[in-house]
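One-letter residues, chain by chain:
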There are 2 protein chains.
Amino acid sequence: MTYCVAMCLDEGLVFASDSRTNAGIDHIATFRKLFTFGVPGERLIVLQSAGNLATSQSVVNLLKQRLGDTAQANLHSVPTLYEATALVAATVREVVARDAAPLAGNTDLSCSFLVGGQIAGGPPELYSIYPQGNFIQATEDTPFLQLGESKYGKPILDRNLEFTTSLAEGLRCALVSFDSTIRSNLSVGMPLDLLVYHRDSLIVPAGYRVTEEDAYYASIRKQWSAGLHELLAQLPAPPPEYNI
Amino acid sequence: MTYCVAMCLDEGLVFASDSRTNAGIDHIATFRKLFTFGVPGERLIVLQSAGNLATSQSVVNLLKQRLGDTAQANLHSVPTLYEATALVAATVREVVARDAAPLAGNTDLSCSFLVGGQIAGGPPELYSIYPQGNFIQATEDTPFLQLGESKYGKPILDRNLEFTTSLAEGLRCALVSFDSTIRSNLSVGMPLDLLVYHRDSLIVPAGYRVTEEDAYYASIRKQWSAGLHELLAQLPAPPPEYNI
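- The name an unreviewed UniProt entry assigns to chain A is Proteasome-type protease, from the organism Pseudomonas delhiensis.

Here you go:
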């Protein structure tokens with residue numbers, strides 16, 4: 001399984017992905033699920049993937065391979081992030097069609113992508129491509145999108161994330177959301193890949209990999225856990241009708 | 001859908017259930033999912049249900065109807081909570097067999113139950129019956145069990161609940177777990193049915209229904225929400241390598 005979250009906020013974009021893949025519980029591996037395309041000063045396009053690893057890797061490989069091919073649209077030539085998302089979706093369709101019957105039988109080849117970034121002339125945008133190939137866009141009302149094991153880490157986002165939330169607070173929210181998910185679900189695991197993009201900077205950030213040893217993530221986890229304990233302990237005692 | 005949680009703690013048992021049922025998003029109704037059997041001074045048996053409403057209602061009705069029938073085992077006569085759970089599971093099988101083909105076709109008739117309580121001579125116990133009819137028991141290592149939409153509300157339980165947690169803190173934990181679930185998932189809704197049982201009291205508590213207007217639940221929700229906001233804001237700022 002997988003957990004990815006991306007946010008499209010007033011100040012810019014935040015992306016966070018785990019890196020665990022599994023085919024059954026005894027076939028676990030680490031694969032990066034966050035991929036960066038871009039031209040400094042002109043565009044940044046970030047992809048996050050979930051679902052069938054063979055399909056998502058093929059999609060990313062084909063998108064990379066075609067960057068130099070000016071005969072067809074590619075992620076360095078499409079004029080808008082909407083077109084970039086449509087191109088990723090078309091590539092998913094192409095790979096699934098290629099890898100389907102007769103060899104694949106009933107294997108589920110589907111995968112999902114989050115596509116976010118900014119292309120000069122447009123605002124930062126964020127899209128989610130469904131396994132069916134159609135896609136939706138994050139808005140000011142719903143500034144975050146998730147992939148995979150999204151339920152454990154959703155309450156903290158639902159409660160705290162708004163379009164006007166700062167990038168730093170968005171990032172902390174994402175780290176807490178991942179901590180909650182990783183504690184409750186074995187199929188989501190470290191390390192995490194993070195990327196923060198400041199609106200209109202049009203740089204292509206290297207991103208940052210958070211390992212088990214990361215001191216900041218460890219401090220966030222510890223402080224959050226201790227704070228929750230304290231918060232629970234401070235809640236008022238139930239009245240008599242609760243029979244405590 | 002449904003969300004139920006039950007805890008088997010050192011001090012006793014805590015049960016909490018939502019009351020929303022839905023068949024599609026435009027067919028929503030309120031049905032109690034927490035049922036109490038018992039003989040004061042001798043036994044308490046609490047059932048919580050999820051899944052097909054026709055099946056779970058039939059199971060509870062049959063179990064009630066048979067309480068007076070001394071010719072066969074019933075929930076007032078079985079000697080242990082283990083036997084009570086086996087009886088509930090057998091009744092699920094009986095109802096599904098009765099209601100299955102030819103009329104039901106592909107309809108999913110399955111349902112799940114949590115069964116908890118205490119019978120004089122034994123300790124408080126808690127079991128979870130799978131839709132397949134087999135069942136597991138809560139232990140000191142894993143003192144809580146959930147049914148239905150369990151993921152949103154699981155992190156707070158995973159983080160804070162231990163066998164030695166007090167009933168009052170367990171109850172607060174359950175209320176926070178429900179608040180997180182209800183905020184993130186429309187298929188789980190108010191009112192909530194709560195029941196707290198003190199170890200060895202062998203009383204049959206009336207339980208308590210938490211409505212939208214409940215002042216204590218409102219204060220818990222408000223304080224928790226504000227506390228989380230504050231906790232997030234107090235987390236340290238990310239170091240430079242995080243690119244904030």
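1. Re the pattern of salt bridges
- In this structure the tally under the stated criterion is 24 salt bridges over all chains.
- Here Asp99(A) makes a salt bridge to Arg98(A), at a shortest N to O gap of 2.7 Å.
- Classification of Arg98(A) as exposed rests on a relative accessible area of 51%.
- In this structure, the salt-bridge partner of Arg159(B) is Asp179(A), at a minimum N-O distance of 3.0 Å. Residue Arg159(B) is found in helix H3 (residues 154-160), and its partner Asp179(A) is found in helix H4 (residues 167-184); the two belong to separate chains. Side by side, Arg159(B) and Asp179(A) carry an identical accessibility label, which is buried.
- Salt bridges sharing common partners tie together Arg159(A), Asp179(B), Arg183(B) and Arg221(B).

2. Concerning the environment of Lys151(A)
- If you trace the backbone, Lys151(A) turns up in the loop between strand E10 (144-148) and helix H3 (154-160).
- Separated by 67 residues in the primary sequence, Lys151(A) and Ala84(A) place their C-alpha atoms 28 Å from one another.
- Side chain to side chain, Lys151(A) and Glu149(B) meet in a polar contact 3.0 Å long.

3. With respect to the state of the cysteines
- Using the criterion set out here, one finds zero disulfides over all chains in the structure.
- This cysteine, Cys4(A), is not joined by any disulfide, and Cys111(A) carries the nearest cysteine sulfur, 11 Å off.
- Here Cys4(A) falls in the buried class, since its relative accessible area comes to 0%.
- Free cysteine Cys8(B): the closest other cysteine sulfur is in Cys173(B), separated by 16 Å.

Analysis parameters
- Residues numbered from 1 in each chain as written.
- Chains lettered and ligands numbered in written order.
- Predicted model: local features only at pLDDT ≥ 70, side-chain atom pairs only at ≥ 80, totals over all residues.
- Heavy atoms only, no water.
- Salt bridge = Lys/Arg side-chain N within 4 Å of Asp/Glu carboxyl O.
- Buried < 20%, exposed > 50% of the residue type's maximum accessible area, 1.4 Å probe, protein only.
- Helix = DSSP H or I, 4+ residues; strand = E, 2+ residues; numbered from the N terminus.
- Polar contact = N/O pair within 3.5 Å; in protein donor to acceptor, adjacent residues only side chain to side chain.
- Disulfide = S-S within 2.5 Å.

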